[in-house]
Amino acid sequence: LAQASVAQGSRVASPSRAIPTPRLISASARRPIQAASRSDSMGNSVQRSCQACWDPEGVANIVRRKKQQRPIITKYQELVGELESAQSAKEQDDAKAKIQAFDHEQMNRNEGRFWGPLTEHDDWPALAQRRAALGIPVPVQRGGQARSPRDY
(Lines give C-alpha, C1' and ligand atoms only; values in the text may rest on other atoms or scores of the structure.)
Protein backbone atom coordinates (compact mmCIF):
# COMPACT_ATOMS: atom_id res chain seq x y z
CA LEU A 1 0.00 0.00 0.00
CA ALA A 2 2.81 2.40 0.88
CA GLN A 3 4.59 1.76 -2.39
CA ALA A 4 1.42 2.32 -4.43
CA SER A 5 0.87 5.68 -2.71
CA VAL A 6 4.43 6.79 -3.38
CA ALA A 7 4.16 5.76 -7.02
CA GLN A 8 1.12 8.00 -7.42
CA GLY A 9 3.00 10.96 -6.05
CA SER A 10 1.52 11.24 -2.56
CA ARG A 11 3.68 11.32 0.54
CA VAL A 12 3.65 8.64 3.18
CA ALA A 13 4.68 9.66 6.67
CA SER A 14 7.60 7.78 8.05
CA PRO A 15 7.93 7.38 11.81
CA SER A 16 11.00 9.64 11.83
CA ARG A 17 9.31 12.45 9.93
CA ALA A 18 6.36 14.42 11.27
CA ILE A 19 3.68 15.68 8.92
CA PRO A 20 3.34 19.44 9.27
CA THR A 21 0.00 20.69 10.46
CA PRO A 22 -1.92 22.67 7.86
CA ARG A 23 -2.06 26.42 8.30
CA LEU A 24 -5.45 27.94 8.87
CA ILE A 25 -6.56 30.47 6.32
CA SER A 26 -8.54 33.47 7.41
CA ALA A 27 -11.87 34.18 5.76
CA SER A 28 -10.49 37.30 4.07
CA ALA A 29 -7.66 35.34 2.45
CA ARG A 30 -10.00 32.95 0.67
CA ARG A 31 -10.61 35.49 -2.07
CA PRO A 32 -14.35 35.38 -2.69
CA ILE A 33 -13.72 37.80 -5.55
CA GLN A 34 -12.32 34.99 -7.68
CA ALA A 35 -15.55 33.04 -7.37
CA ALA A 36 -17.47 36.10 -8.53
CA SER A 37 -15.14 36.65 -11.48
CA ARG A 38 -15.59 33.03 -12.57
CA SER A 39 -19.36 33.38 -12.59
CA ASP A 40 -19.06 36.72 -14.38
CA SER A 41 -16.88 35.19 -17.09
CA MET A 42 -19.34 32.34 -17.40
CA GLY A 43 -22.16 34.84 -17.84
CA ASN A 44 -20.10 36.72 -20.41
CA SER A 45 -19.49 33.47 -22.25
CA VAL A 46 -23.21 32.74 -22.41
CA GLN A 47 -23.89 36.31 -23.48
CA ARG A 48 -21.30 36.05 -26.27
CA SER A 49 -22.75 32.73 -27.41
CA CYS A 50 -26.27 34.16 -27.53
CA GLN A 51 -25.04 37.28 -29.31
CA ALA A 52 -23.26 35.12 -31.88
CA CYS A 53 -26.53 33.28 -32.59
CA TRP A 54 -28.71 36.38 -32.72
CA ASP A 55 -26.34 38.64 -34.64
CA PRO A 56 -23.63 36.64 -36.41
CA GLU A 57 -22.71 39.50 -38.75
CA GLY A 58 -22.27 41.90 -35.84
CA VAL A 59 -20.07 39.44 -34.00
CA ALA A 60 -18.05 38.85 -37.15
CA ASN A 61 -17.51 42.62 -37.43
CA ILE A 62 -16.38 42.83 -33.80
CA VAL A 63 -13.95 39.94 -34.27
CA ARG A 64 -12.64 41.42 -37.52
CA ARG A 65 -12.14 44.85 -35.90
CA LYS A 66 -10.30 43.33 -32.92
CA LYS A 67 -8.04 41.37 -35.28
CA GLN A 68 -7.25 44.58 -37.17
CA GLN A 69 -6.57 46.56 -34.00
CA ARG A 70 -4.23 44.10 -32.27
CA PRO A 71 -1.23 44.48 -34.62
CA ILE A 72 -1.66 48.26 -34.58
CA ILE A 73 -1.66 48.39 -30.77
CA THR A 74 1.39 46.10 -30.75
CA LYS A 75 3.17 48.38 -33.26
CA TYR A 76 2.39 51.43 -31.11
CA GLN A 77 3.79 49.63 -28.06
CA GLU A 78 6.98 48.86 -29.99
CA LEU A 79 7.33 52.46 -31.19
CA VAL A 80 6.79 53.87 -27.70
CA GLY A 81 9.29 51.32 -26.38
CA GLU A 82 11.83 52.57 -28.94
CA LEU A 83 11.29 56.12 -27.72
CA GLU A 84 11.64 55.07 -24.09
CA SER A 85 14.94 53.31 -24.83
CA ALA A 86 16.33 56.08 -27.06
CA GLN A 87 19.69 57.34 -25.79
CA SER A 88 20.44 60.43 -27.82
CA ALA A 89 18.29 63.42 -28.77
CA LYS A 90 18.47 62.37 -32.44
CA GLU A 91 17.16 58.89 -31.59
CA GLN A 92 14.35 60.46 -29.57
CA ASP A 93 13.42 62.80 -32.44
CA ASP A 94 13.46 59.91 -34.92
CA ALA A 95 11.24 57.79 -32.65
CA LYS A 96 8.80 60.69 -32.16
CA ALA A 97 8.65 61.23 -35.92
CA LYS A 98 7.90 57.52 -36.45
CA ILE A 99 5.08 57.66 -33.91
CA GLN A 100 3.58 60.80 -35.45
CA ALA A 101 3.79 59.33 -38.97
CA PHE A 102 2.13 56.14 -37.73
CA ASP A 103 -0.56 58.27 -36.03
CA HIS A 104 -1.28 60.06 -39.28
CA GLU A 105 -1.38 56.78 -41.21
CA GLN A 106 -3.84 55.21 -38.76
CA MET A 107 -6.07 58.27 -38.52
CA ASN A 108 -6.49 58.27 -42.29
CA ARG A 109 -7.00 54.51 -42.49
CA ASN A 110 -10.41 53.41 -43.77
CA GLU A 111 -11.40 57.01 -44.50
CA GLY A 112 -10.89 57.98 -40.86
CA ARG A 113 -13.27 55.37 -39.43
CA PHE A 114 -10.50 53.21 -37.92
CA TRP A 115 -9.13 55.74 -35.41
CA GLY A 116 -12.18 56.14 -33.13
CA PRO A 117 -12.64 52.44 -32.31
CA LEU A 118 -8.85 52.06 -31.98
CA THR A 119 -8.77 54.66 -29.20
CA GLU A 120 -11.60 52.76 -27.46
CA HIS A 121 -9.51 49.56 -27.30
CA ASP A 122 -8.87 48.19 -23.79
CA ASP A 123 -5.09 48.60 -24.15
CA TRP A 124 -5.25 52.18 -25.44
CA PRO A 125 -5.46 54.12 -22.11
CA ALA A 126 -2.20 52.61 -20.85
CA LEU A 127 -0.57 53.39 -24.19
CA ALA A 128 -1.90 56.96 -24.11
CA GLN A 129 -0.44 57.43 -20.61
CA ARG A 130 2.97 56.21 -21.75
CA ARG A 131 2.82 58.59 -24.71
CA ALA A 132 1.78 61.53 -22.54
CA ALA A 133 4.64 60.83 -20.12
CA LEU A 134 7.04 61.01 -23.08
CA GLY A 135 5.56 64.28 -24.35
CA ILE A 136 3.62 62.87 -27.33
CA PRO A 137 -0.08 63.62 -26.90
CA VAL A 138 -2.63 61.46 -28.69
CA PRO A 139 -3.95 63.26 -31.76
CA VAL A 140 -7.63 64.17 -31.85
CA GLN A 141 -9.86 63.35 -34.80
CA ARG A 142 -12.69 65.75 -35.49
CA GLY A 143 -15.31 65.67 -38.18
CA GLY A 144 -13.87 62.56 -39.84
CA GLN A 145 -10.54 64.26 -40.50
CA ALA A 146 -7.43 63.54 -38.55
CA ARG A 147 -5.82 66.44 -36.71
CA SER A 148 -2.61 66.20 -34.84
CA PRO A 149 -1.65 68.63 -32.07
CA ARG A 150 0.77 70.38 -34.43
CA ASP A 151 -2.19 71.33 -36.73
CA TYR A 152 -3.73 73.66 -34.10
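Definitions and cut-offs
- All residue numbers refer to positions counted from 1 along the written sequence of the respective chain.
- Given that this is a predicted model, residues contribute local features only at a pLDDT of at least 70 and side-chain atom pairs are listed and counted only at 80 or more, while totals for whole chains, interfaces and linings are drawn from all residues.
- Calculation of side-chain values draws on the structure's entire complement of heavy atoms; hydrogens and water are dropped beforehand.
- Numbering goes from the N terminus for both helices and strands, where a helix is a DSSP run of H or I of at least four residues and a strand is a run of E of at least two.
- A 3.5 Å cut-off defines polar contacts: any pair of N or O atoms within that distance qualifies, except that in protein one atom must be a possible hydrogen donor and the other a possible acceptor, and neighbouring residues in sequence count only when both atoms are side-chain atoms.
- Here, nonpolar core means buried Ala, Val, Leu, Ile, Met, Phe, Trp, Tyr and Cys residues that are tied together by side-chain atoms lying within 4.5 Å of each other.
- Per-residue accessibility, obtained with a 1.4 Å probe over protein chains only, is compared with the maximum for each type, and a residue is labelled buried under 20%, exposed over 50%, and partly exposed between these values.
- For Phe, Tyr and Trp, where Trp contributes only its six-membered ring, two rings pair if their centres lie within 6.5 Å, and the inter-plane angle classes them as stacked under 30 degrees, edge-to-face over 60, or tilted in between.
- Salt bridges are defined as contacts in which a side-chain nitrogen from Lys or Arg sits within 4 Å of a carboxyl oxygen from Asp or Glu.
- Looking at any residue, its pLDDT shows the predictor's confidence there, from 0 to 100.
- The contact rule is simple, with two residues in contact once any of their heavy atoms fall within 4.5 Å.
- Axes, fitted as lines to C-alpha atoms, cover a helix only where it is in contact. Angles between the N-to-C directions of the axes lie from 0 to 180 degrees.
- Throughout this description, any angle smaller than 35 degrees is read as roughly parallel, any larger than 145 degrees as roughly antiparallel, any in the 65 to 115 degree range as roughly perpendicular, and the remainder as oblique.
- With the far helix as reference, a near helix turned anticlockwise by less than a right angle produces a left-handed crossing, and one turned clockwise produces a right-handed crossing.
- Lys, Arg, Asp and Glu make up the charged group, whereas Ala, Val, Leu, Ile, Met, Phe, Trp, Tyr, Cys and Pro make up the nonpolar group; the residues left over, Gly among them, are polar.

**Side note on the environment of E91**
Along the polypeptide, E91 turns up in helix α4 (residues 89-107). A polar atom in the side chain of E91 sits 2.6 Å from the backbone nitrogen of Q87.

**A look at the nonpolar core**
Counting 16 residues, the largest nonpolar core has I72, Y76, I99, W115, L118 and W124 as its most contacted members. When contributions to this core are tallied by element, the ones reaching two or more residues are α3 (56-85), α4, α5 (115-119) and α6 (124-133). Per-element accounting of this core gives the leading share, 6 residues, to α3.

**Comments concerning the packing of aromatic side chains**
Counted by the stated rule, this structure contains 3 aromatic pairs. When the centroid spacing of 4.8 Å and the interplanar angle of 70° are considered together, the rings of Y76 and F102 count as edge-to-face. Taken together, the residues span a long stretch of sequence, with Y76 in helix α3 and F102 in helix α4 at a distance of 26 residues. For the pair Y76 and F102, a shared accessibility class is recorded, and that class is buried.

**With respect to the environment of R113**
Residue position: R113 is located in the loop between α4 and α5. Taking C-alpha positions, R113 is 9.8 Å from Q141, a pair spaced 28 residues apart along the chain.

**Looking at the pattern of salt bridges**
The tally for this structure, following the rule as stated, stands at 6 salt bridges. The salt bridge partner of K90 is D94, with a shortest N-O separation of 3.1 Å. Of this pair, K90 and D94 are both found in helix α4, 4 residues apart, which corresponds to roughly one turn of the helix. You can call D94 partly exposed: its relative accessible area is 38%. R113 serves as the salt-bridge partner of E111, at 3.3 Å between the closest nitrogen and oxygen. You'll find E111 and R113 in the same group, each marked exposed.

**Regarding the confidence of the model for the chain**
In this model, the chain carries a mean pLDDT of 76, and residues with pLDDT of at least 70 account for 65%. Note on residues 24-37: pLDDT under 50 across the span, and 1 contact to partners over four residues away in sequence or across chains. The low-confidence segment residues 145-152 (pLDDT under 50) makes 16 contacts with residues lying over four places distant or belonging to another chain.

**A short note on the packing of α3 against α6**
It is the contact of α3 with α6, at a shortest axis distance of 11 Å, that shows an interaxial angle of 25°. It follows from the interaxial angle that α3 and α6 lie roughly parallel. In the crossing of α3 with α6, the sense of the turn from one axis to the other is left-handed. Packed against α3, whose contacting residues are I73, Y76, Q77, V80, G81 and E84, the element α6 presents W124, L127, R130 and R131 at the interface. Residues of the contact of α3 with α6, tallied by class, amount to 5 nonpolar, 2 polar and 3 charged.

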